[in-house]
Amino acid sequence: MDLLKKCRAFTWADETRDVGLYPFYPAFQGPAGGGQVVLDGAEVCMLGSNDYRALSMSAQVIGAAQDAIALYGTSVTGSRLLNGNLDLHENLEADLADFFGYEAALIFSTGYMTNLGVVSALAGRGDQVFLDEKAHASLIDGARLAEASGAVVRRFAHTDPNDLARQLAASPSAASLVATDGVFSMEGDLAPVADLVAVCEDFGATLLVDDAHGVGVFGRGRGVIEQAGVRGRVPLLTLTFATALASQGGAVLADAKTIEFLRHTSRPQIFSAGLSPADTAAAHAALREVRRRAEAEPAALAAAAYLRRALDALGYDVVDSASPVIPVRFPDQLSMLSAHRLLAEHGVHTNAVLPPAGEGHQLRIACTDAHAPGLLEAAIGVFASLRQDLLPRYRRAA
Ligand code: PMP
């Protein structure tokens, strides 16, 4: 038996390249955030980045990263537990805790590692993990590790607190972790955080909200927990620095004893190098910027509302959402990939999403603060001009 046989049998990417429809790994020549990027030598409108507050090219954030490299070098060269811990990490953790209203925070090297490290360290033999059925892969993989050490893992219906309550009622005595995205990254919808809090409090379950796409955007920058009015009632908040915080890395926020436990038990924390000085300083500078702008409604939300209405009016199958993320559905893979290709050829970059990442085949569009009206109008013009080509399969009365 040859282990690598499956790799040679994997032909989807080549077949899709052969027909000119391969949508993945576009290589941008220059920044990948912001409103416009360069692809194959041409300027294209970026409608697929998570740089929600358009901070990835901000002078403050870049300057902070440069200063950190000059002072601390390029790498911490080891685990924070032993030799890779910096005052930069601890200062960022203190400010994260202060901003989001928690006792303490712990940084990981990515958002994925944060969820993996938190769920797998907290849930094990005798415990239960309940995941929203559309929870991010990193929560799912954390739950798989928890399962391998004896936890029971269950899914509850998407954004359905009643289904969660039914499932918790069926086995009320076990210690339970309930995990959900705050804003679902592919669907763009928000978790019913206040209702989930109420159910978890009723059953004594511990709620984790991964607010990768809500932080910096909702609740005066503090995310969906603040927006839902339940500050102080969600025991575990995780986030990534690779969305609104314009960097790399992630963090968990919790009470001081839980953070102390995770610092000493979470394997992705202990057995992986600490976050680089540049990434840490960039995230910190972006956090300061989010805090400074907290009272202003993010332009990304208004841009997304405008674009959503325009695409709907043009007859596209737009999934309703209230976040910067706009999913546009297509009936099958071929029509979605063709749309992705045509849009790219006309200067608009979107994200192609195949099942199981998305529900069905969809283009994921995301708006940021960089999508000024002129840029959006140009993109809408492209969607309008391609309408006849893109919509033949589901022409709604428009
Ligand atoms: N959680 C959610 C909901 C995400 O969408 C992502 C990826 N954007 C992550 C976690 C992982 O974050 P990172 O890219 O920092 O690993």
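Since this is a predicted model, take the numbers as computed values, not measurements.

## Quick word on helix α6 (residues 137–148)
Here comes step 1: Taking 1.5 Å per residue, 12 residues should reach 16 Å; α6 reaches 16 Å between its end C-alpha atoms and fits that length.
Here comes step 2: What α6 keeps buried is the set S138, L139, I140, D141, G142, A143 and A146.
Here comes step 3: On its buried face, α6 sits against α5 (111–122), β4 (127–132), β5 (152–156), β6 (175–181) and β7 (206–210).
Here comes step 4: Positive backbone phi, approximately 105°, marks G150, located one or two places after α6.

## So, the packing of helix α7 (residues 161–170) against helix α8 (residues 193–203)
Here comes step 1: At their nearest, the axes of α7 and α8 sit 9 Å apart, and the two run at 10° to each other. Regarding the angle of α7 to α8, the classification is roughly parallel. Like other packed secondary-structure pairs, α7 and α8 cross with a definite hand, here right-handed. Contacts from P161, L164, A165, L168 and A169 in α7 reach D195, L196, V199, C200 and F203 in α8.

## Details of unusual backbone geometry
Here comes step 1: Within the chain, Y25 stands out as a residue other than glycine whose phi angle is a positive 50°.
Here comes step 2: Within the secondary structure, Y25 is located in the loop between α2 (12–18) and β1 (36–39).
Here comes step 3: Looking at Y25, the relative accessible area reads 75%, which means it is exposed.

## Quick word on the environment of G250
Here comes step 1: Within the element layout of this structure, G250 appears in strand β9 (residues 250–254).
Here comes step 2: Given the relative accessible area of 0%, G250 is considered buried.
Here comes step 3: Placed 138 residues apart in sequence, G250 and Y112 show a C-alpha to C-alpha distance of 7.7 Å.
Here comes step 4: Other than its neighbours up to four places away in sequence, G250 contacts L106, I107, F108, S109, T110, G111, T114, L239, T240 and F241.

## Remarks on the environment of V183
Here comes step 1: If you trace the backbone, V183 turns up in the loop between β6 and α8.
Here comes step 2: For V183, a relative accessible area of 1% puts it in the buried group.

## A few points about the site of the ligand
Here comes step 1: Neighbouring the ligand are 13 residues; G111, Y112, D210, H213 and T240 lie closest to it.
Here comes step 2: Take Y112: an N or O atom from its main chain is 2.9 Å from an oxygen atom of the ligand.
Here comes step 3: H213 has a polar side-chain atom sitting 2.6 Å from an oxygen atom of the ligand.
Here comes step 4: For the ligand, whose free accessible area comes to 390 Å², the fraction covered by protein is 83%.
Here comes step 5: Top contributing element to the shell around the ligand by residue count: α5, with three residues.
Here comes step 6: Here the shell around the ligand is composed, by residue class, of two nonpolar, nine polar and two charged.

## Some thoughts on the nonpolar core
Here comes step 1: L96, F100, L164, V193, V234, L239 and F241 are the most contacted members of the largest nonpolar core, which has 60 residues in total.
Here comes step 2: At eight residues, helix α12 (residues 277–292) tops the list of elements feeding residues into this core.
Here comes step 3: Two domains each provide a minimum of three residues to this core, namely domain 1 (5–52 + 298–395) and domain 2 (59–292).
Here comes step 4: Setting aside chain neighbours within four positions, we find L164 in contact with F130, F156, V178, L196, V199 and C200.

## With respect to the side chain of E289
Here comes step 1: Positionally, E289 belongs in helix α12.
Here comes step 2: Polar contacts involving the side chain of E289 include one to the side chain of R292, which spans 2.4 Å.
Here comes step 3: Aside from chain neighbours lying at most four places away, what touches E289 is L55 and Q60.

## Describing the domain arrangement of the protein
Here comes step 1: Along its sequence, the protein is carved into domain 1 (5–52 + 298–395) and domain 2 (59–292).
Here comes step 2: When each unit is reduced to the centre of its C-alpha atoms, the spacing between domain 1 and domain 2 is 28 Å.
Here comes step 3: Counting residues at the interface gives 17 residues for domain 1 and 16 residues for domain 2.
Here comes step 4: At the junction of domain 1 and domain 2, the tally comes to zero salt bridges.
Here comes step 5: At the surface where domain 1 touches domain 2, the tally comes to four residue pairs in polar contact (both at pLDDT 80 or more).
Here comes step 6: Elements that contribute at least two residues to the side of domain 1 that touches domain 2 include exactly β11 (325–330) and β14 (361–366).
Here comes step 7: Residue composition of the side of domain 1 that touches domain 2, grouped by class: nine nonpolar, five polar and three charged.

What counts, and at which threshold
- Residues numbered from 1 in each chain as written.
- Predicted model: local features only at pLDDT ≥ 70, side-chain atom pairs only at ≥ 80, totals over all residues.
- Heavy atoms only, no water.
- Helix = DSSP H or I, 4+ residues; strand = E, 2+ residues; numbered from the N terminus.
- Expected span 1.5 Å × (residues − 1).
- Buried < 20%, exposed > 50% of the residue type's maximum accessible area, 1.4 Å probe, protein only.
- Contact = heavy atoms within 4.5 Å.
- Axes fitted to C-alpha atoms, helices over the stretch in contact; angles between N-to-C directions.
- Parallel < 35°, antiparallel > 145°, perpendicular 65-115°, else oblique.
- Left-handed = near helix turned anticlockwise from the far one by under 90°.
- Near = heavy atom within 4 Å.
- Polar contact = N/O pair within 3.5 Å; in protein donor to acceptor, adjacent residues only side chain to side chain.
- Areas by Shrake-Rupley, 256 points an atom, 1.4 Å probe, with all protein chains shown as cover.
- Nonpolar A, V, L, I, M, F, W, Y, C, P; charged D, E, K, R; others polar.
- Core = buried A, V, L, I, M, F, W, Y, C linked by side-chain atoms within 4.5 Å.
- Domains from an automatic or database assignment.
- Salt bridge = Lys/Arg side-chain N within 4 Å of Asp/Glu carboxyl O.

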